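A closer look at the structure
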Amino acid sequence: MNVPLKDTAEWQALNAHAKVMAGKHMRDLFAGEPNRFADFSMRDGQVLLDYSKNRIGADTVRLLTALAAARGVDAARKDMFSGKKINTTEHRAVLHTALRNRGVGAAPPHPVLVDGIDVMPDILHTLSRLREFSERVRSGTWTGSTGKKIQHIVNIGIGGSHLGPMFVADALKGYQRADLSVAFVSNPDRAQIDDVLKTCDPAATLFTIASKTFSTAETTANAAIARAWIANALGEQAIANHFAAVSTNHHATTEFGIPAESVFPMWDWVGGRYSVCSAIGLPVILACGFEAFDQLLAGAHAMDRHFETAPLEYNMPVMLALLGVWYADFFDAPATAILPYDHRLRLLPFHIQQVDMESNGKGVTLAGQPVETNTGPIVFGGGGSDSQHSFFQLLHQSPRLIPCDFIAALSSGDDFDDSRDLLLANCFAQTEALMKGRTAAELHGVPDNLKPHRVFPGNRPSNTLLLDSLNPFALGQLIALYEHKVFVQGVIWGVNSFDQWGVELGKELAKSLQPALAGETPLGPRDSSTAGLVAAYLEAKGASV
Ligand code: F6P
């Protein structure tokens, strides 16, 4: 690991191999290898990965897995699962896997030690508290201050305290009850919370304030608005019945007025973007029931086990990670697209965007040296069907190479519904079109001058992930799959995937600008652009009062 990544024999072998593969077209690879699907697909539990539509052959897989082995992926995964403090810049263990750690059969889960202390009893105790609390709310035993049953859950959080639970709650909408709505608020623009509150009855609303630190500016601002809304409508004494929290900051939650019985812990070894399996899942548990959440954890655990034990070449997260490195570093692909062909998975790209970009959007190695390779890609995406009619043009014909992940569920639940015929036909067709393309010779009846416009170069890689159905278990597997993919890439690039110092500077500057925008303090010395923007705001504000 002391040799710079680019100087390793494995990297150089891949460099040479990439030059060979760059001259090959996938349509020829498919024509010459009739077993590509069988050779380049794998299944774990309820997830099938087809990675045959990639610019790879058996040699590529061998060379990529050799790179993973040389970079110490095997030891790194052991270190993570065992609670070693691999987040070295924050001196923290990384144990989102412990949140879903479970025993085989009736046996208790194996201990996971941090600083010699087993974290499992605390996790299991929190899960049983979450179960009990959610059952009380859902059954109507827990009521608002006037005795009214809770009918609206409003989660206030941002980043990992928002994107993960919002995505999961939406994906599991089929598990929600008609008499219990769930909404998510993150934006400090009042418009968002005002829109949500318009649909809620204060006497029947329970807010879940999700913030590991309980000091994030956007969240505390929205929590204060919600608090005032309840106090105005029902009185100050109502706060205890209408707020729950998930946080490590018990001092702040107590000061807010939330009783200890409604505060659920977080731990410093769970990063925000990896926290959906922690108590941050509270709005999901309230909306969909504890059983669904428990199945989500079981699915995530199944993927953890696969990742922990499967050999590198048969390991789904490792394979996805290596393909990402292959394109980012050897084909200079700037981005990757996440394209769910399922209405209920439409928020997946936003969740993965944070997991990936906040983890691997790094410019220095663990040793603090500038990276010499490309690291995490730009992650973007959207619902596949809608995206086909917007940005797919660029995916098919722009000179940029954008590898894509297509994600679909074979059924929406226990039944097959006919709408999937059209949905999946498009999903599969897009991967085929990206791979094959269309040559000028295949364009019949097209005038010559239009042919260049209608040629598709093809040879554009994609992975397809098929879930057996959209259920909590499969969803848990999918979430853990991407978490581990990102982890493996971080190990290969030699970066710390678990800190996020890059978000701090903007926060600090905003803190110093806010009093000036509020008109409380003069701006002080600033660059002319920032000063000009502040002046424009103050002028508009002054004109409006
Ligand atoms: O600003 C980034 C971040 O720290 C994320 O990593 C995190 O998910 C989010 O803010 C919210 O933090 P908190 O849960 O402490 O409010």
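Residues numbered from 1 in each chain as written. Predicted model: local features only at pLDDT ≥ 70, side-chain atom pairs only at ≥ 80, totals over all residues. Heavy atoms only, no water.

When helices and strands are tallied, the protein chain shows 22 helices and 13 strands. Along the first, second and third principal axes, the C-alpha atoms of the protein chain reach 75 × 65 × 55 Å. For the protein chain, the residues scored as buried account for 53% of the 545 residues in total. A sequence separation of at least 24 residues applies to 74% of the contacts in the protein chain between residues at least 6 apart. If you sum the accessible surface of the protein chain, you get close to 23,300 Å²; carbon and sulfur atoms cover 56% of it. (Helix = DSSP H or I, 4+ residues; strand = E, 2+ residues; numbered from the N terminus. Buried < 20%, exposed > 50% of the residue type's maximum accessible area, 1.4 Å probe, protein only. Contact = heavy atoms within 4.5 Å. Areas by Shrake-Rupley, 256 points an atom, 1.4 Å probe, with all protein chains shown as cover.)

Attention shifts here to the pattern of salt bridges. Counted according to the given criterion, the structure contains 29 salt bridges. Between D201 and K148 there is a salt bridge, with the nearest N and O atoms lying 2.6 Å from each other. In this pair, D201 sits in the loop between α8 (190-198) and β7 (205-210) while K148 sits in the loop between α6 (120-139) and β5 (152-156), placing the two residues 53 residues apart along the sequence. D201 gets classed as partly exposed once you look at its relative accessible area, which sits at 24%. Of the charged contacts, one joins D195 and K198 as a salt bridge, the two residues approaching to 3.5 Å between their closest N and O atoms. Within this pair, D195 and its partner K198 are both found in helix α8, separated by three residues, close to a single helical turn. (Salt bridge = Lys/Arg side-chain N within 4 Å of Asp/Glu carboxyl O.)

What follows covers the site of the ligand. The environment of the ligand is made up of 14 residues, and the closest members are G160, S161, S211, T213 and T216. Here S211 contributes a side-chain N or O atom positioned 2.6 Å from an oxygen atom of the ligand. In the environment of the ligand, an oxygen atom lies 3.2 Å from a nitrogen or oxygen atom belonging to the side chain of E358. In the complex, 88% of the free accessible area of the ligand, which totals 400 Å², lies under the protein chains. For the shell around the ligand, the per-class residue count stands at two nonpolar, nine polar and three charged. (Near = heavy atom within 4 Å. Polar contact = N/O pair within 3.5 Å; in protein donor to acceptor, adjacent residues only side chain to side chain. Nonpolar A, V, L, I, M, F, W, Y, C, P; charged D, E, K, R; others polar.)

Strand order in the open sheet formed by six strands is β1-β2-β13-β12-β10-β11, and the pairing between neighbours is mixed. A strand with exactly one partner marks an edge of an open sheet, and here the two such strands are β1 (41-44) and β11 (378-381). The average angle at which neighbouring strand axes cross in this sheet is 15°, direction not considered. As paired strands, strand β12 (residues 404-409) and strand β13 (residues 462-467) are joined by six bridges and run parallel to one another. Across the sheet, residue I407 finds its bridge partner in β13, namely L465. Against the sheet, helix α15 (residues 348-360) contacts β10 (335-340), β11 and β12, and its axis sits at roughly 175° relative to β11. Across the face of the sheet, helix α18 (residues 419-436) comes into contact with β12 and β13 while running at roughly 160° to β12. (Pairing = 2+ DSSP bridges. Axes fitted to C-alpha atoms, helices over the stretch in contact; angles between N-to-C directions.)

This brings us to the side chain of D499. Among the secondary structure elements, D499 is positioned in the loop between α20 (472-493) and α21 (504-517). The class of D499 is buried, set by a relative accessible area of 5%. Reaching out from D499, the side chain makes a polar contact with the side chain of N496 at a distance of 3.4 Å. Look past the residues within four positions of D499 in its chain and what remains in contact with it is N87, T89, E90, R273, E358 and K362.

So, about helix α5 (residues 73-82). For α5, every residue scored as buried is listed here: V73, A76, R77, M80 and F81. One side of α5 carries all its buried residues, which in axial view fall inside an arc of 130°. Each element contacted by the buried residues of α5 is listed here: α4 (58-70), α13 (290-309), α14 (316-330) and α20. Positive phi shows up at G83, right after α5, with a value of about 90°. (Arc of directions from axis to C-beta.)

This brings us to the nonpolar core. If you look at the biggest cluster of nonpolar residues, it comprises 121 residues, and the most contacted ones within it are W269, W326 and L475. Considering every element that reaches this core, the biggest residue donor is α20, with 13 residues. Taken domain by domain, the makeup of this core includes at least three residues from each of domain 1 (7-70 + 310-439 + 449-494) and domain 2 (113-292). Beyond its immediate sequence surroundings of up to four residues, W326 is in contact with L14, H17, A18, M21, R55, I56, T60, L64 and F331. Counting 26 residues, the second largest nonpolar core, distinct from the first, contains V154, L197, F207 and F243. (Core = buried A, V, L, I, M, F, W, Y, C linked by side-chain atoms within 4.5 Å. Domains from an automatic or database assignment.)

Look at α13 against α14: their axes get within 7 Å of each other, and the N-to-C directions meet at 70°. By the angle class used here, α13 and α14 are roughly perpendicular. Across the interface between the two elements, M303, H306 and F307 from α13 touch M316, P317 and V318 from α14. A per-class count over the contact of α13 with α14 returns five nonpolar, one polar and no charged. (Parallel < 35°, antiparallel > 145°, perpendicular 65-115°, else oblique.)

The next thing to look at is the packing of aromatic side chains. Applying the stated rule across the entire model yields 21 aromatic pairs. An angle of 35° between the planes, with centres 6.1 Å apart, marks the rings of F487 and F498 as tilted. You can see F487 sitting in helix α20 and its partner F498 sitting in the loop between α20 and α21, a full 11 residues away along the chain. Like F498, F487 is buried. An aromatic cluster of at least three residues, connected via ring pairs, comprises W11, W326, Y327, F330 and F331. Stacked on the ring of F30, the Lys or Arg R36 has its end atom at 5.0 Å from the ring centre. Sitting over the ring of F256, R227 keeps its end group 5.5 Å from the ring centre. (Phe/Tyr/Trp six-rings, centres within 6.5 Å; stacked < 30°, edge-to-face > 60°. Lys NZ or Arg CZ within 6 Å of the ring centre and 35° of its normal.)

The subject of this paragraph is the domain arrangement of the protein chain. The domain architecture assigned to the protein chain consists of domain 1 (7-70 + 310-439 + 449-494), domain 2 (113-292) and domain 3 (503-544). Distance between the C-alpha centres of domain 1 and domain 3: 42 Å.

Pairing between the strands of a sheet is mediated by backbone hydrogen bonds and can be parallel or antiparallel. The parallel open sheet is built from five strands, whose spatial order is β6-β5-β7-β8-β9. A strand with exactly one partner marks an edge of an open sheet, and here the two such strands are β6 (181-185) and β9 (263-264). Bridging between β7 and strand β8 (residues 243-246) involves four bridges; their strand directions are parallel. Bridge assignment links F207 to a residue of β8, and that residue is F243.

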